[in-house]
Amino acid sequence: MGVKEQQKITLVAATFVALSSGTNYAISSYAPQLASRLELSITQLNYVSTAANFGMYLTGSFVGPIIDKRGPRIVLLTSSLVLFTGWTLMRLFYDGGTQGIFSAFGVSGIALAQVLTGIGSSMSNGAASNGVARSFGVKRRATALSVVICCTGLSAFVYSTTSRILFHSNPNGTSYFLLLLSLGCSITMLVGSIFVHPAKFPTGHPGPGTSTQGPSTSVTVPSETQPLLSNSQGARPTAVTVRNIKGWQLVSTVDFWILFGVEGLLAGVGLMYLNNLGTMINTLWLTLDAPLGKIPAAQADLVSTFSICNAIGRIVIGATSDYFSHRAPPRFRFERVWFAVPVSALFALSLFLASRTDYVKGWHGLIVPTAMMGCSYGFLWGLMPVLCLDWFGLKSYSSNNGLLVLSPALFGQFTNYQFGHIYDSHTRSSPFQASQISAQDVSTTARAFCGDGRLCYEGALRMAVAMSLGAMVLSVVAGLRRMSIAKMERAGDTTGSSDSRTGGAIERRRRMSEASVEEAAEAVAPTL
């Protein structure tokens, strides 16, 4: 089999793997039904929801080196088993109700199952990205990886839509949805382990992992840490500043903590919105004169909207930020970090609109803020890893970004807990009354739901708006700092080569040769 055929097979297989690597985004498609079945409070439900985030974000730094050393096949096989176990346990908990295995393991048992789904998703996405990155050369790698990244964002849409088509009229639709996740994810990873592997280049062929300047560094990180580098064949390679800031030097810099704060604040509110979207839908729906049997369809619609916009955002921000930071006419160029300002503003606007609507469907309902939130979330994850690379260098990028992505896990835990606490406080003061619905629908209504409509969670969304505005302030500070640093570097360039002999505090910006740029691209691409 030729190299091109191997590349095509690997790309197609990795695409299907990616479509099953972001299924944690579909949590709002089944979370309210899970809470109803197991009589969970919203705080407990958020505890379960964030467990998957912990599994994904905290294991990425461990998974990458394993993939680099052992290749994608063994990791995909392992992820198949882990995902099957995690989603099967979720289904067993749901089917058994309060008298099943939940009575023995409680909320902690469900959280453990969610952790497994997060770990499996991190492993599968890293393996798919690694296989594609090692199969394509520099000129085509970004394009190939952008397909994988986009499909990861589409996972929730694919599974929610498939479930709606197959099980929309089935009273056990949630159980079958969890079964679909269990079998769909595990079988996809199993098949992917056969076909996702780096293309074998002929002897003497300068494969994608080679460079005339020496060996390249290969790193793999989870889906949320994957930058989009738009580098078409006709575009000049992006210049890279030679830096290597790591370890204690990294955590002692103000710039790292600014990025940590911006990413944590925005990702935290994004995860809060996504994890509680189902709760918001149910809360608003129960105040309307509408049949409760249509709630799952409404959940699937909005989860799909978030998923599609998330995928679009990841692609758009990469190409746009690359253009305006490197290839636009000089008078229109600006530092990439300034994109964080409008992204933060879009987060705030989407949350504000969500806090003001009393409807689920229609343009005056949750559809607009959910679409805006999906785009914002995609923008964030297409932007922040590239800033980490630009500011702190290539050599220690994997470990640096591994520290940076701890922020969503920490901030996400806080925001989700606050949402649950605020919601449950309203539930205790104004619980939803069974008399508000017909008798046949009582069993499908979560006892923990609040009867005050959007007032039940408005306080949490206002808190999230404030956090988004805080991230915008930090983004402005970061932009001003980078402008100051760039001005100092330009001033340093005018002093000539004497700066390197005097050991001045300002590191001079150097343009790498074509070969060095290619080596840099080889090191970065696997992190996509």
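Residues numbered from 1 in each chain as written. Predicted model: local features only at pLDDT ≥ 70, side-chain atom pairs only at ≥ 80, totals over all residues. Heavy atoms only, no water.

Q: What exactly am I supposed to notice about the pattern of salt bridges here?
A: Pairs can form between side chains of opposite charge whenever their charged atoms are close. Summed over all chains, the structure comprises eight salt bridges. Between Arg164 and Asp301 there is a salt bridge; the shortest N-O distance is 2.1 Å. You can see Arg164 sitting in helix α7 (residues 155–167) and its partner Asp301 sitting in helix α11 (residues 295–327), a full 137 residues away along the chain. One connected set of salt bridges, linked through shared partners, spans Arg356, Asp358, Arg454, Glu458 and Arg462. (Salt bridge = Lys/Arg side-chain N within 4 Å of Asp/Glu carboxyl O. Helix = DSSP H or I, 4+ residues; strand = E, 2+ residues; numbered from the N terminus.)

Q: So what exactly am I meant to see when it comes to the packing of aromatic side chains here?
A: When we look at a pair of aromatic rings, we describe it by the centre distance and by the angle of the planes. Summed over all chains, the structure comprises 19 aromatic pairs. Ring geometry for Tyr57 and Trp381: centres 6.1 Å apart, planes at 20°, overall stacked. One end of the pair, Tyr57, is in helix α3 (residues 42–70); the other, Trp381, is in helix α13 (residues 367–392), and 324 residues separate them in sequence. Here Tyr57 matches Trp381 in class, with each residue buried. Judged by centre distance (5.9 Å) and plane angle (40°), the rings of Phe256 and Phe260 are tilted. With Phe256 and Phe260 both in helix α10 (residues 254–285), this residue pair falls four residues apart, about one helical turn. Since its relative accessible area comes to 3%, Phe256 is described here as buried. (Phe/Tyr/Trp six-rings, centres within 6.5 Å; stacked < 30°, edge-to-face > 60°. Buried < 20%, exposed > 50% of the residue type's maximum accessible area, 1.4 Å probe, protein only.)

Q: Where do I start with the layout of surface pockets in this structure?
A: As a volume, the second largest pocket reaches approximately 830 Å³. Considered class by class, the residues forming the lining of the second largest pocket number eleven nonpolar, 16 polar and five charged. (1 Å grid on protein atoms, 1.4 Å probe; cavity = no way out; pocket = protein on both sides within 12 Å on 5 of 7 lines; lining within 4 Å. Points joined across faces, edges and corners; volume = space filled by probe spheres on them. Nonpolar A, V, L, I, M, F, W, Y, C, P; charged D, E, K, R; others polar.)

Q: Even after reading the chapter, I still don't get the packing of α7 against α11, so can you show me in this structure?
A: Packed helices, taken two at a time, are described by their axes: the angle between them and the distance between them. The interhelical angle for the contact between α7 and α11, taken along N-to-C directions, is 155°, at an axis separation of 7 Å. Between α7 and α11, the angle falls in the class roughly antiparallel. Remark: the crossing between α7 and α11 carries left-handed chirality. For the pair α7 and α11, the contacting residues are Ser155, Ala156, Phe157, Ser160, Thr161 and Arg164 in the first and Ala297, Ala300, Asp301, Val303, Ser304, Ser307 and Ile308 in the second. (Axes fitted to C-alpha atoms, helices over the stretch in contact; angles between N-to-C directions. Parallel < 35°, antiparallel > 145°, perpendicular 65-115°, else oblique. Left-handed = near helix turned anticlockwise from the far one by under 90°. Contact = heavy atoms within 4.5 Å.)

Q: Looking at this structure, I do not really get unusual backbone geometry. What am I missing?
A: Excluding glycine, residues mostly have negative phi values, and the peptide bonds linking residues are mostly trans. We note that Glu39 has phi near 55°; this positive angle belongs to a residue other than glycine. One can find Glu39 in the loop between α2 (31–38) and α3. Exposure remark for Glu39: the relative accessible area of 43% places this residue in the partly exposed category.

Q: Where do I start with the state of the cysteines in this structure?
A: Covalently bonding the sulfur atom of one cysteine to the sulfur atom of another cysteine gives a disulfide. Counted under the stated rule, the structure contains one disulfide. Shown here is the disulfide that connects Cys450 with Cys456, its sulfur atoms set 2.1 Å apart. The sign of the -75° torsion about the S-S bond sets the Cys450-Cys456 disulfide as left-handed. Overall, Cys450 belongs to the buried group, its relative accessible area being 0%. By relative accessible area, which is 0% here, Cys456 ends up buried. Cys309 supplies the cysteine sulfur nearest to Cys375, a cysteine that is in no disulfide, at a spacing of 4.1 Å. (Disulfide = S-S within 2.5 Å.)

So far we have only geometry, and geometry alone does not tell us how the molecule works.
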